[in-house]
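Chain residues, written in single-letter form:
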Amino acid sequence: MTNGPEAVTCGEAMLLMLAEPGIPLDRAVAFRRSVAGAESNVAQGLARLGHWARWIGRVGDDASGEAVLAQLRADGVDVSHAEMDPAAPTGLLLRDSHPARPVDVQYHRTGSAASFLGPEQVGEDALAGARVVHVSGITPMLSPSAAHATRALFERARAAGAAISFDPNVRRKLGTDHEWMRVVNPLLREADLVLAGEDELELLLGGGAEEAAKALLSLGRARTVVVKRRDLTSVAISKDGQWTQPPFDVPVTDPVGAGDAFAAGWLSAWLRGLGPERALAEAACVAALVVQAPSDTDGLPTAAGRDRALAAFRGGSGPGRVHR
């Protein structure tokens, strides 16, 4: 029996206020409350897929923080190492939801509890037993203390024998291109599993994305690099070969959260010892389910739901199939 979580994620979780579907943010009057955050999304995805997943992070000791932690607990996420800050608020994210035009996202995170994440919160006890630790580039870009915490997380994950999974998740509202390169490049080179967009690798490492992926394999610690291409195909590259997965053709309700869902699907397959070809298929499947529902996490499936959907996608059944 395992003596700790299979997966640990560390980063920001915010209260999400999602405008009614199709209404621009500046005209919306009705909002639905939810939770958003790259690492908390991945933890929720893994928990729904049946894994013991722990989220490490900070929220305010306020109603928003209570709501965030309640939602994570409801999805089965271990929040035993989350902290509530009595002096700093929970971050807030407001956005709208459009399937066919750009989504307007507003962050209210300056001075939030998450920005005060520090190395003391990522102690060895929080990582004990974990097989993989996942973090995104958003976390070290939140503040100098959060960057220090991320570096400590990498060191302590390595000491604990856990693989490090890293998604650059570039958000230009958090810094300039130069700042992203300065902070995130060293982390890319220290990760065992890299899940990155084609444009992110081009920005952070220069040149073509797949050439950058191969450079990480030869010059860094990476065992596998997954590139999410602009055309929505994905490719996994390792020293053993290369595998490509096309996207599943589904109607898009809300594109936000697809990358985190993809990461959860990939990591679930990796934790279960499946190969890159199957891992890509499961990752694409979980992402396809998430974009059909509003919010970052509404569409996250259970393991049974993933398997049913994947069988339907591969069997050519359309989205209108009824499971009876």
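Refer to the structure presented above.
Residues numbered from 1 in each chain as written. Predicted model: local features only at pLDDT ≥ 70, side-chain atom pairs only at ≥ 80, totals over all residues. Heavy atoms only, no water.

**A word on the sheet that holds strand β9 (residues 132-136)**
Strands belonging to one sheet form pairs held by backbone hydrogen bonds; the direction of such a pair is parallel or antiparallel. Applied cut-off: Whether two strands pair depends on DSSP finding at least two bridges between them. A run of H or I in DSSP becomes a helix once it reaches four residues, and a run of E becomes a strand once it reaches two; helices and strands are each numbered from the N terminus. Lines are fitted to the C-alpha atoms to define the axes, a helix being fitted only along its stretch in contact, and any angle between axes, read from their N-to-C directions, falls within 0 to 180 degrees.
Taken in spatial order, the 8 strands line up as β4-β1-β9-β10-β11-β12-β13-β14 in an open sheet, and their pairing is mixed. The open sheet has two edge strands with one neighbour each: β4 (53-56) and β14 (241-245). Between one strand axis and the next, the sheet turns through 15 degrees on average, direction left out of account. As defined by bridge partners, strand β11 (residues 193-197) adjoins strand β12 (residues 224-228) across 5 bridges and the pair is classed as parallel. Residue pairing for β12: A196 is matched across the bridge by V227.

**Some remarks on the packing of aromatic side chains**
To be explicit about the condition: Here a Phe, Tyr or Trp ring, Trp counted by its six-membered ring, pairs with any other such ring whose centre lies within 6.5 Å, and the pair is stacked when the planes are under 30 degrees apart, edge-to-face when over 60, and tilted otherwise. Burial classes follow relative accessibility: with a 1.4 Å probe on protein chains only, a residue under 20% of its type's maximum area counts as buried, one over 50% as exposed, and anything between as partly exposed. Whether a charge sits over a ring comes down to the Lys NZ or Arg CZ being within 6 Å of the ring centre and within 35 degrees of the ring normal.
Applying the stated criterion across every chain yields a total of 2 aromatic pairs. For the ring pair F154 and F166, a centre distance of 6.1 Å and an interplane angle of 80 degrees mean the geometry is edge-to-face. Within this pair, whereas F154 is found in helix α5 (residues 144-160), its partner F166 is found in strand β10 (residues 163-167), the two being separated by 12 residues in sequence. Accessibility expressed as a relative area gives 7% for F154, which makes it buried. Between F248 and F313, the ring centres sit 4.7 Å apart and the planes meet at 20 degrees, which makes this aromatic pair stacked. On the criterion of sequence distance, the pair formed by F248 in the loop between β14 and α9 (258-271) and F313 in helix α11 (residues 303-315) is long-range, its members being 65 residues apart. The ring centre of Y107 lies 4.2 Å from the NZ or CZ of R109, which sits over that ring.

**Some details on the environment of P24**
Rules: A contact between two residues is defined here by any heavy atoms of the two lying within 4.5 Å.
Mapped onto the secondary structure, P24 falls in the loop between β2 (14-19) and β3 (31-36). A C-alpha to C-alpha distance of 31 Å links P24 and R73, two positions 49 residues apart in sequence. Ignoring sequence-local partners within four residues, the contact set of P24 consists of D96, H98 and R101.

**Comments concerning the sheet that holds β3**
If you walk across this open sheet you meet the 4 strands as β3-β2-β7-β8, and the pairing is mixed. The open sheet terminates on both sides in strands that have one partner only, identified here as β3 and β8 (105-108). The mean inter-strand angle of the sheet, taken between neighbouring strand axes irrespective of direction, is 20 degrees. Examined bridge by bridge, β2 and β3 share 6 bridges and lie antiparallel to one another. Residue pairing in the sheet places M17 in a bridge with R33 of β3. Each of β2 and β3 touches helix α2 (residues 63-74); the most contacted strand, β2, lies at about 90 degrees to it.

**Remarks on α9**
Spelled out, the test is: By this rule the span expected of a helix is its residue count minus one, scaled by 1.5 Å.
Taking 1.5 Å as the rise per residue, α9 with 14 residues should run 20 Å; its terminal C-alpha atoms sit 20 Å apart, in good agreement. Counting buried positions over the 14 residues of α9 gives 11, a clear majority of the element. Looking at α9, one finds that the buried residues are D260, A261, F262, A263, A264, G265, W266, L267, S268, A269 and L271.

**Looking at unusual backbone geometry**
If you check the backbone angles, N169 has positive phi at about 50 degrees while not being a glycine. Locating N169 in the fold gives a position in the loop between β10 and α6 (177-190). Not every positive phi belongs to a glycine, and S295 is a case in point at roughly 70 degrees. The exposure class of S295 is buried, given its relative accessible area of 0%.

**Quick word on the nonpolar core**
Here is the rule we go by: In these notes, a set of buried Ala, Val, Leu, Ile, Met, Phe, Trp, Tyr and Cys residues joined through side-chain atoms within 4.5 Å is what counts as a nonpolar core.
If you look at the biggest cluster of nonpolar residues, it comprises 47 residues, and the most contacted ones within it are F166, L201, V225 and V227. Excluding its chain neighbours within four sequence positions, the residues that come into contact with V227 are A196, E198, L201, A209, A213, T233, S234, V235 and I237. With 35 residues, the next largest nonpolar core counts V35, W55, V77 and A283 among its residues.

**A word on the pattern of salt bridges**
The following threshold applies: For this document, the term salt bridge refers to a Lys or Arg side-chain nitrogen within 4 Å of an Asp or Glu carboxyl oxygen.
Enumeration according to the criterion identifies 22 salt bridges in this entry. For D254, the salt bridge goes to R95, with nearest N and O atoms at 2.9 Å. Here D254, found in the loop between β14 and α9, pairs with R95, found in strand β7 (residues 92-95); they are 159 residues apart in sequence, far enough to count as distant. Summarising the burial analysis for this pair, D254 and R95 share the class buried.

**Section: the environment of A264**
Within the secondary structure, A264 is located in helix α9. Classification of A264 as buried rests on a relative accessible area of 0%. Sequence separation of A264 and T233 is 31 residues, and the distance between their C-alpha atoms is 17 Å. If sequence neighbours within four positions are ignored, A264 has contacts with V42, G45, L46 and L49.

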